[in-house]
Amino acid sequence: TLEAGTQIDVMNPQGAFVSKTHLTGLNNPEVIREEIAKIDNPHLVAIAAGSGITPIMAIAQTVLSESEDSTFELIFANKGGSEVMFAEEIGDLKDKYPTRFAVHHVLSREQRVNPLFSGRIDSEKLQLLLDNVVRTEAIDEWFLCGPFELVQLVRDELNGRKVDEQTIRYELFTTGKPTGSQQQTGRHVEADPDGKNVEITFNLDGLSGKVESPESANETLLNATLRARPDVPFACAGGVCGTCRAKLVEGEVDMAENFALEKDEIEKGYILTCQSRPKTATIKLDFDA
Ligand code: FES
């Protein structure tokens, strides 16, 4: 029913894919500026594939312009040279910061002079890149953005090399898993008048809501809360984006997947409602926390 001229409300950008902040708040360049200023000679490395370059461009541009002693190195994987997004902007960064910005294109379907930069980034190639192109021990922060397999491969390799987890930020498009039972948003469930129901209460935008969920349905908290409030935030429903994050104030849940919350958020009691199923008869959530 949308027409030209229709105005719609959209959410603010959210997420933790910003430099040196673990807050899932606004993806705010101001935060990057303040945080980067606290590090001496910050050296950042990004590994992106395809459109995974999008958030990394913004971070690279901001970091390089805000911190004069920063260096930024980018490993960028694509199928071919003609598919490289932001090719011009990347060229501009090289011209503007010739000593502080470096890009290494890895093309899976094109032969390059150095074979290291041709072919898919698999475990072997990644090790060569990390051994020969970037110095893992001298890096303040890592940014990984692309398909699940690549991001996971790099995370595993960095973990194996004992890189401090706190310095690794990643963003995924999807988990790469086929839609399974976890993707049940919109599943039709009704409270069972004769059966046992879980009572779920929640805060969202300053208003409280309540919904019942039959124990036998084993539905996610997101699926249940959407019955009471269609504006409960979510996007991927696959445990990747973090949009459905809420604080678990009371009760216990089973969280199936988590590719969005950082360790400290989990310790503070945050959960992904699209991945969490109740384990107790009462659940209290706060989407505003
Ligand atoms: S909606 Fe994306 S993680 Fe839950």
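Only a predicted model underlies this, so the values are computations on that prediction, with no experimental measurement involved.

> Sorry, what's going on with the overall build of the protein here?
From N to C terminus, the protein includes seven helices and 14 strands. The burial tally for the protein puts 46% of its 289 residues in the buried class. Taking the contacts inside the protein whose residues are at least 6 apart along the sequence as the reference set, 65% of them involve residues at least 24 apart.

> Even after reading the chapter, I still don't get the sheet that holds strand 6 (residues 141-146), so can you show me in this structure?
Strand pairs in the sheet, formed through backbone hydrogen bonds, run parallel or antiparallel to each other. An order of 5-4-3-6-7 is seen for the five strands of this open sheet, with the pairing classed as parallel. Looking along the sheet, the strands with just one partner apiece sit at the ends: strand 5 (101-107) and strand 7 (168-172). Pairwise comparison of adjacent strand axes, ignoring direction, gives a mean angle of 10° for this sheet. As defined by bridge partners, strand 6 adjoins strand 7 across five bridges and the pair is classed as parallel. Its bridge partner being in strand 7, cysteine 145 is matched across the sheet by glutamate 171. Sheet strands touched by helix 2 (residues 53-66): strand 3 (43-49), strand 4 (71-78), strand 5, strand 6 and strand 7. Its angle to strand 4, the strand with the most contacts, is close to 165°.

> Explanation requested: the nonpolar core in the structure shown.
One recurring pattern in soluble globular proteins: nonpolar side chains tend to sit buried together. One finds Ile47, Ile121, Leu129, Val134 and Trp142 to be the most contacted residues of the largest nonpolar core, which totals 27 residues. Put simply, the parts of the chain that give this core at least two residues each are strand 3, strand 4, helix 4 (123-132), strand 6, helix 5 (148-160) and strand 7. Among the elements that line this core, the one with the most residues is helix 5, at five residues. Residues contacting leucine 129, with those up to four places away along its chain left out, are Ile75, Val106, Leu116, Phe117, Ile121 and Val134.

> Explain the side chain of glutamate 141 here, please?
Here glutamate 141 is to be found in strand 6. Here glutamate 141 falls in the buried class, since its relative accessible area comes to 0%. A polar atom in the side chain of glutamate 141 sits 2.9 Å from the side chain of arginine 169.

> I'm lost on the side chain of threonine 62 in this one. Help?
Here threonine 62 shows up in helix 2. In this structure threonine 62 comes out as buried when scored by relative accessible area, which is 13%. Only 2.7 Å separates the side chain of threonine 62 from the backbone oxygen of alanine 58, close enough to count as a polar contact.

> What am I meant to see in the pairing of strand 9 (residues 207-214) here?
Remark: a regular strand shows side chains that alternate across the two faces of the sheet. In terms of strand pairing, strand 8 (residues 197-204) meets strand 9 through eight bridges, oriented antiparallel. When the sheet's bridge partners are listed, threonine 201 is paired in strand 9 with lysine 210. Hairpin remark: strand 8 followed by strand 9, antiparallel, with two residues in the connecting loop; positive phi at aspartate 205, about 50°.

> Is there a simple way to think about the environment of arginine 245 in this case?
Secondary-structure assignment places arginine 245 in strand 10 (residues 245-250). Arginine 245 sits in the buried class, given a relative accessible area of 15%. A C-alpha to C-alpha distance of 8.3 Å links arginine 245 and cysteine 274, two positions 29 residues apart in sequence. Of note is the side chain of arginine 245, whose polar atom sits 2.8 Å from the side chain of glutamate 265.

Scoring rules and cut-offs
- Residues numbered from 1 in each chain as written.
- Predicted model: local features only at pLDDT ≥ 70, side-chain atom pairs only at ≥ 80, totals over all residues.
- Heavy atoms only, no water.
- Helix = DSSP H or I, 4+ residues; strand = E, 2+ residues; numbered from the N terminus.
- Buried < 20%, exposed > 50% of the residue type's maximum accessible area, 1.4 Å probe, protein only.
- Contact = heavy atoms within 4.5 Å.
- Pairing = 2+ DSSP bridges.
- Axes fitted to C-alpha atoms, helices over the stretch in contact; angles between N-to-C directions.
- Core = buried A, V, L, I, M, F, W, Y, C linked by side-chain atoms within 4.5 Å.
- Polar contact = N/O pair within 3.5 Å; in protein donor to acceptor, adjacent residues only side chain to side chain.

By themselves, these are just geometric observations and shouldn't be taken as functional.
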